[in-house]
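What the coordinates show
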Amino acid sequence: MSQTLSEKLASFVCRLDYAELPARVVEKAKTCLIHGIGVGLAGYQTDFPRIAADIAKKAGTSDQQATLLYDGSTAAPMEAAFANAVLFHSRVQEDTHNTAHLGTVVIPVALALGEAGRKSGKELLSALVAGYEVGGALSKHYTAYTTPRGFRASSVYGIFAATAAAAKLLGLSEIQTVHALGFAASFAFGTLEAFTAGSMEWRFENGLAAKNGLLSALLAQHGAVATRYAFEGKAGFLHAFAGNREEPLKCAESLGKAYELMNVTFKLYPVCAFNQTPVINTLQLTEERDIPLEQIEAITIEMNEYEANYPGMSAKGPFANISQTLMSAPYCVAVALLEKDVTLANLQKYDHAELNRLIAKTTVLPSRQLQPLSSKISIRLHNGQVLVREMNISEEYYNLGIDQDIQLIRGLIGEMPIGRAQLDQLIDDILHLEEIGDTSVMLHHIADRSTF
């Protein structure tokens, strides 16, 4: 009987051994952990994590408690995973793999189970790698099929990352992990329509993916059984979401050989991943040239065709919330021109007259010549002069090393609910995570909010 994709993925998860992980993979897992927690804490002042934390605290108690990073309180692990995933996604400056923000889903699950089960740092790191690799293998191979159909990669593939990490920390057997992934394939969900509407659904999708991923593993642990053909079955995940179930094992060929974790990148600004380069390109243009804003006649943003056509990308308002502005390339470029920076605060200037004047003059043009994550900004002045700056980069530009990411996270301390000493302690704990015997200690260091 031939091996199914669930069985291939489960075999990888169960056989993954911390002692065999390359040092560069362990360091990247630590970088993702620092980034995920850091940008999560820096987004606590938005509405979404408050809503999620309130729900989590009202959902009941458990003998095993996990920390809600929003305010330092505790909840049952599944509820903590939900609330912390919403928090990690609140600033929208999380890590990215293709178009999936796997860290916002897998890290909260690993932290919740790691804390509640008093797991070691090595166990936590192993679970994170398992999660990123399973979610990344599926995301890399199938995102190009699922996103054009309207499915959101973060929740669709994040649930598998969460399930794999949970299975690893719960010590599931190989057959139990097959069942867990089978449940995740049935529970996967998430659409892109909210980006167009500017509504809140996507703000909570990753939280639910984290919770359901943990639930999938718990179901298997308690004896629930799922089909081994959850992916490649005639009515399975691949048919339903990707419309392509040919060669299903192909996506798992490189597991344990070429680590997808190494391809995870990090956002420099709190906007959509596709708006990172247009923002940086615009900011650098303002540094290089003196741009008289009152003389601007037209602004053109050329982007890769796929990115330019992503829901919400070309929106010009009127805007009513930050979920709309961070997705809008015209807004992000206009605010970069006006403010010489892009922050959570200046993403909320919905009624700013000068900003809206610039947005109205802006057009997004899809380009087949520009590669993904590249952009060309053209600003035409009333005197006929055209200021042009093109930025051609690859994903490697955003693949920050651990020291670079620590510097980025430390720069956000003013927006966090903890003090600098607490942040430094957190970073030090993560840098030496393999030496920690009980990861609950790490969470307790940032749970004290007496600095409020």
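In case you missed it, the structure is sitting above this.
The rules behind the values
Residue numbering note: each chain is counted from 1, following its sequence as written. Predicted model: local features are reported for residues with pLDDT of at least 70 only, side-chain atom pairs are reported and counted for 80 or more only, and whole-chain, interface and lining totals are derived from all residues. Hydrogens and waters are ignored; side-chain quantities use all the structure's heavy atoms. In DSSP terms, a helix is any run of H or I states spanning at least four residues, a strand is any run of E spanning at least two, and both are numbered starting from the N terminus. Here the globule rule is a power law, 2.2 Å times the number of residues to the power 0.38, and the radius of gyration is based on C-alpha atoms. Accessible area is worked out with a 1.4 Å probe on protein chains only. A residue is then buried under 20% of its type maximum, exposed over 50%, and partly exposed in between. Throughout, a residue-residue contact means that at least one pair of heavy atoms, one from each residue, lies within 4.5 Å. Only the protein chains shown count as covering a residue, and every accessible area follows the Shrake-Rupley method with a 1.4 Å probe. Charged residues are defined here as Lys and Arg on the positive side and Asp and Glu on the negative side; His and the ends of the chain fall outside this count. For the purpose of locating charges, the reference atoms are NZ of Lys, CZ of Arg, CG of Asp and CD of Glu. How far a helix is expected to stretch is found by multiplying one less than its residue total by 1.5 Å. Only when DSSP finds a minimum of two bridges between them are two strands counted as paired. To define axes, lines are fitted to C-alpha atoms, for helices over the stretch in contact only, and angles between the resulting N-to-C directions are given on a 0 to 180 degree scale. Oblique is the label for every angle not falling under 35 degrees (roughly parallel), over 145 degrees (roughly antiparallel), or within 65 to 115 degrees (roughly perpendicular). A crossing counts as left-handed when the near helix is turned anticlockwise from the far one by less than a right angle, and as right-handed when that turn is clockwise. For this classification, the nonpolar set comprises Ala, Val, Leu, Ile, Met, Phe, Trp, Tyr, Cys and Pro, the charged set comprises Asp, Glu, Lys and Arg, and every other residue, Gly included, is treated as polar. Centres within 6.5 Å make a pair out of two Phe, Tyr or Trp rings, where for Trp the six-membered ring is used; the pair is then stacked when the planes are under 30 degrees apart, edge-to-face when over 60, and tilted otherwise. We call a set of buried Ala, Val, Leu, Ile, Met, Phe, Trp, Tyr and Cys residues a nonpolar core when their side-chain atoms join them within 4.5 Å. Within this document, salt bridges are pairs made up of a side-chain nitrogen of Lys or Arg and a carboxyl oxygen of Asp or Glu, the two lying within 4 Å of each other.

On to the overall build of the chain. Looking only at helices and strands, one finds 19 helices and 8 strands in the chain. Taking 2.2 N^0.38 as the reference for a compact globule, 452 residues should give roughly 22 Å; the C-alpha atoms of the chain span a radius of gyration of 22 Å, in line with that estimate. Counting the 452 residues in the chain, one finds 61% classified as buried. Intrachain contacts of the chain at a sequence separation of at least 6 include 77% that bridge at least 24 residues. Of the roughly 17000 Å² that the chain leaves accessible, carbon and sulfur atoms contribute 49%. Charge centroids of the chain, computed over 37 positive and 48 negative side chains, lie 4 Å from each other.

Glancing now at helix α4 (residues 77-90). Along its 14 residues, α4 runs 20 Å from first to last C-alpha, staying within 8% of the 20 Å computed at 1.5 Å per residue. Summarising burial for α4: 13 of the 14 residues are buried, a large majority. After α4 finishes, the residue V92 shows a positive phi value of roughly 60°.

Here strand β8 (residues 386-391) shows a clear split, with L387, R389 and M391 buried on one side and none of V386, V388 and E390 buried on the other. Two strands pair when backbone bridges link them, and strand β7 (residues 375-381) and β8 are joined in this way by 6 bridges, in the antiparallel orientation. Its bridge partner being in β8, S375 is matched across the sheet by M391. Linking two consecutive strands that pair antiparallel, namely β7 and β8, is a turn of 4 residues; a positive phi of about 95° is found at G384 within it.

Running from amino to carboxyl end, helix α15 (residues 329-339) crosses helix α16 (residues 353-360) at an angle of 130°, the nearest separation of the two axes being 9 Å. As summarised for this structure, α15 and α16 are arranged oblique, according to the angle between their axes. Considering the relative orientation of α15 and α16, their crossing is right-handed. In this structure, α15 uses P330, Y331, A334, V335 and L338 to contact α16, whose residues at the interface are E354, L355, L358 and I359. Looking at the contact of α15 with α16, its residues break down into 8 nonpolar, no polar and 1 charged.

Taken as a whole and judged by the stated rule, the model has 16 aromatic pairs. Centre to centre, the rings of F274 and Y306 are 6.0 Å apart; their planes meet at 80°, and the pair counts as edge-to-face. Note that F274 is positioned in helix α12 (residues 273-288) and Y306 in helix α13 (residues 305-308), a separation of 32 residues in sequence. F274 gets classed as buried once you look at its relative accessible area, which sits at 9%.

To continue, consider the nonpolar core. Residues I37, L111, L138, F160, F237 and I379 are the most contacted members of the largest nonpolar core, which totals 164 residues. The dominant element in this core, judged by the number of residues it contributes, is helix α7 (residues 153-170), at 12 residues. Ignoring anything within four residues of it in the chain, the contact list for F237 reads V156, Y157, F160, A185, A188, A230, F231 and A242.

A word on helix α5 (residues 103-116). Across its 14 residues, α5 extends 19 Å between first and last C-alpha, which sits within 8% of the 20 Å expected from 1.5 Å per residue. Extensive coverage of α5 is indicated by the burial of 14 of its 14 residues. Among the residues trailing α5, R118 stands out with phi positive, at a value near 50°.

Within a sheet, adjacent strands bond to each other through the backbone by hydrogen bonds, running parallel or antiparallel. Reading across from one edge, β6-β5-β7-β8 is the order of the 4 strands in this open sheet, with mixed pairing throughout. Only two strands of the sheet have a single partner each, and these edge strands are β6 (362-367) and β8. Across the sheet, the mean angle from the axis of one strand to that of its neighbour is 15°, orientation sign disregarded. Across the face of the sheet, α15 comes into contact with β5 (296-304), β6 and β7 while running at roughly 125° to β5.

The next point concerns the pattern of salt bridges. One pass over the full model with this rule turns up 17 salt bridges. Salt-bridge contacts for E94 lead to K267; the nearest nitrogen and oxygen are separated by 2.7 Å. Note that E94 is positioned in the loop between α4 and β3 (95-96) and K267 in the loop between β4 (265-266) and α12, a separation of 173 residues in sequence. We note that E94, like K267, is buried. With a closest N to O distance of 3.0 Å, R389 and E288 form a salt bridge. Pair noted here: R389 is in strand β8 and E288 is in helix α12, with a separation of 101 residues, a long-range link. R389 gets classed as buried once you look at its relative accessible area, which sits at 17%.

Put simply, α5 and α7 touch, their axes get as near as 8 Å, and they point 25° apart. As summarised for this structure, α5 and α7 are arranged roughly parallel, according to the angle between their axes. In this structure, α5 crosses over α7, and the sense of that crossing is right-handed. On the side of α5, the interface is formed by V105, V106, V109, A110, L113 and G114, while α7 contributes S154, G158, I159, A161, A162, A165, A166, L169 and L170. Its residues placed into classes, the contact of α5 with α7 shows 12 nonpolar, 3 polar and no charged.

P318 follows G317 through a cis peptide bond whose omega is 5°. Position of P318 relative to the elements: it lies in the loop between α13 and α14 (322-325). Even without glycine at this site, R118 takes up a positive phi of about 50°. Positionally, R118 belongs in the loop between α5 and α6 (121-146).

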